[in-house]
Amino acid sequence: TQLLEQSPQFLSIQEGENLTVYCNSSSVFSSLQWYRQEPGEGPVLLVTVVTGGEVKKLKRLTFQFGDARKDSSLHITAAQPGDTGLYLCAGALSDYKLSFGAGTTVTVRA
Amino acid sequence: DAGITQSPRHKVTETGTPVTLRCHQTENHRYMYWYRQDPGHGLRLIHYSYGVKDTDKGEVSDGYSVSRSKTEDFLLTLESATSSQTSVYFCAISDGVGTEAFFGQGTRLTVV
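Reading the values: the criteria
- Residues numbered from 1 in each chain as written.
- Chains lettered and ligands numbered in written order.
- Predicted model: local features only at pLDDT ≥ 70, side-chain atom pairs only at ≥ 80, totals over all residues.
- Heavy atoms only, no water.
- Pairing = 2+ DSSP bridges.
- Helix = DSSP H or I, 4+ residues; strand = E, 2+ residues; numbered from the N terminus.
- Axes fitted to C-alpha atoms, helices over the stretch in contact; angles between N-to-C directions.
- Core = buried A, V, L, I, M, F, W, Y, C linked by side-chain atoms within 4.5 Å.
- Buried < 20%, exposed > 50% of the residue type's maximum accessible area, 1.4 Å probe, protein only.
- Contact = heavy atoms within 4.5 Å.
- Phe/Tyr/Trp six-rings, centres within 6.5 Å; stacked < 30°, edge-to-face > 60°.
- Buried area = accessible area lost by both parts, 1.4 Å probe.
- Salt bridge = Lys/Arg side-chain N within 4 Å of Asp/Glu carboxyl O.
- Polar contact = N/O pair within 3.5 Å; in protein donor to acceptor, adjacent residues only side chain to side chain.
- Nonpolar A, V, L, I, M, F, W, Y, C, P; charged D, E, K, R; others polar.
- Disulfide = S-S within 2.5 Å.

**Observations regarding the sheet that holds strand E1 (residues 5–7) of chain A**
Residue and element names in this part refer to chain A. Read from one edge to the other, the open sheet built from 5 strands follows the order E1-E3-E8-E7-E6, with strand pairing classed as antiparallel. What marks the edges here is a single partner per strand, and that holds for E1 and strand E6 (55–58). Along the sheet, successive strands turn relative to each other by an average axial angle of 15°, direction set aside. As paired elements, strand E3 (residues 19–24) and strand E8 (residues 71–76) share 6 bridges and run antiparallel to each other.

Written out as structure tokens, the structure reads:
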């Protein structure tokens, strides 16, 4: 069982639609990160959220950190084919471990 | 791009043989991590290091060992490779807990 549970595992939508990816845990994190990974590459950081209730926007991407700092969501507005990829959430605990969720594979069809 | 290099990038090995993967960084980051990535499991932490000669186990450490004798190098060893260790292995570095992790390009290991 992974520390961070992501849902859904797969998401396929049409260009222009919105989507939301969830990341949940029973643990409290001091910060939580979202990464995006493309085939054949390593993950690349999108955002770090630190404060409970924090909302960060990155163009069409909106990230939210839960008030209790146990969960987070990623919302993409008007998705484009370039948003296709594997989205991963990650959290660090006090013992320096950086743990990842299983990921959500997003496919945006043109 | 962060200076992090994994070698080799691809390897095919036979069951029962020892294998060592190398991660080299030029960023002087304190923390280094080894992950394996398999379909449906995302990235699973194998071992990590929080300083020279300071290492600890992750979620899936059985069958793996690590060493860090210098800040820049973090080695992952499979003492006796098994088919279940066929995977893509990623090394990552970071400067602090909760700060951005930079990943290498990955090593695709096949155990036959």
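**Focus on the nonpolar core**
Residues A:Leu19, A:Leu32, A:Trp34 and A:Leu74 are the most contacted members of the largest nonpolar core, which totals 21 residues. For this core, the secondary structure elements donating two or more residues are strand E2 (10–14), E3, strand E4 (32–37), strand E5 (44–49), strand E7 (61–65), E8, strand E9 (85–92) and strand E11 (104–109) of chain A. Residues in contact with A:Leu74, not counting those within four places in the same chain, are A:Leu19, A:Thr20, A:Val21, A:Trp34, A:Leu61, A:Thr62, A:Phe63 and A:Tyr87. Core analysis: the second largest hydrophobic core is formed by 19 residues, A:Ala92, B:Tyr31, B:Tyr35 and B:Leu45 among them.

**As for the packing of aromatic side chains**
Applying the stated criterion across every chain yields a total of 10 aromatic pairs over all chains. Ring geometry for A:Tyr35 against B:Phe103: centres 5.9 Å apart, planes inclined by 85°, an arrangement best described as edge-to-face. With A:Tyr35 in strand E4 and B:Phe103 in strand E10 (residues 101–103), this residue pair bridges two chains. In this structure, A:Tyr35 and B:Phe103 share a single accessibility class: buried.

**Concerning the interface of chain A and chain B**
Interfaces are often sized by the amount of accessible area the parts lose when they come together. Taken together, the contact between chain A and chain B spans 24 residues of the former and 24 residues of the latter. Carbon and sulfur atoms make up 53% of the area that chain A and chain B hide from each other, which totals about 1,800 Å². Across the contact surface, chain A and chain B share 0 salt bridges. Here chain A is connected to chain B by 5 residue pairs in polar contact (both at pLDDT 80 or more). Looking at the side of chain A that touches chain B, the elements that each hand over two or more residues are E4, E5, E9 and strand E10 (98–100) of chain A. Along the lines of polarity and charge, the residues of the side of chain A that touches chain B split into 11 nonpolar, 10 polar and 3 charged.

**What to know about the pattern of salt bridges**
Side chains that differ in sign of charge can pair as their charged atoms come close. Tallied over the full model, the rule gives 7 salt bridges over all chains. Here A:Arg36 and A:Glu38 are joined by a salt bridge, their closest N and O atoms 3.1 Å apart. With a shortest N-O distance of 3.9 Å, A:Glu54 and A:Lys56 are connected by a salt bridge. Take A:Glu54: its relative accessible area is 18%, and that puts it in the buried class. Of the residues examined, A:Lys56 reaches a relative accessible area of 31% and is grouped as partly exposed. Connected through shared salt-bridge partners, B:Arg22, B:Lys70 and B:Asp73 make up one network.

**Details of the state of the cysteines**
All names here are of chain B. Under the definition given, this model contains 2 disulfides over all chains. A sulfur-sulfur distance of 1.9 Å marks the disulfide that ties Cys-23 to Cys-91. Measuring handedness by torsion sign, the sulfur bridge of Cys-23 and Cys-91 sits at about -75° and is left-handed. On the criterion of sequence distance, the pair formed by Cys-23 in strand E3 (residues 19–25) and Cys-91 in strand E9 (residues 87–94) is long-range, its members being 68 residues apart.

**Quick notes on unusual backbone geometry**
Of note, the amide linkage connecting A:Ser7 to A:Pro8 takes the cis form, showing an omega dihedral of -10°. Of note, A:Pro8 is situated in the loop between E1 and E2. In this model, B:Ser7 is joined to B:Pro8 through a cis peptide bond whose omega is -10°. In this structure, A:Arg69 is a non-glycine residue whose phi angle is positive, near 60°. Positive phi, normally seen in glycine, also occurs at B:Asn28, with a value near 60°.

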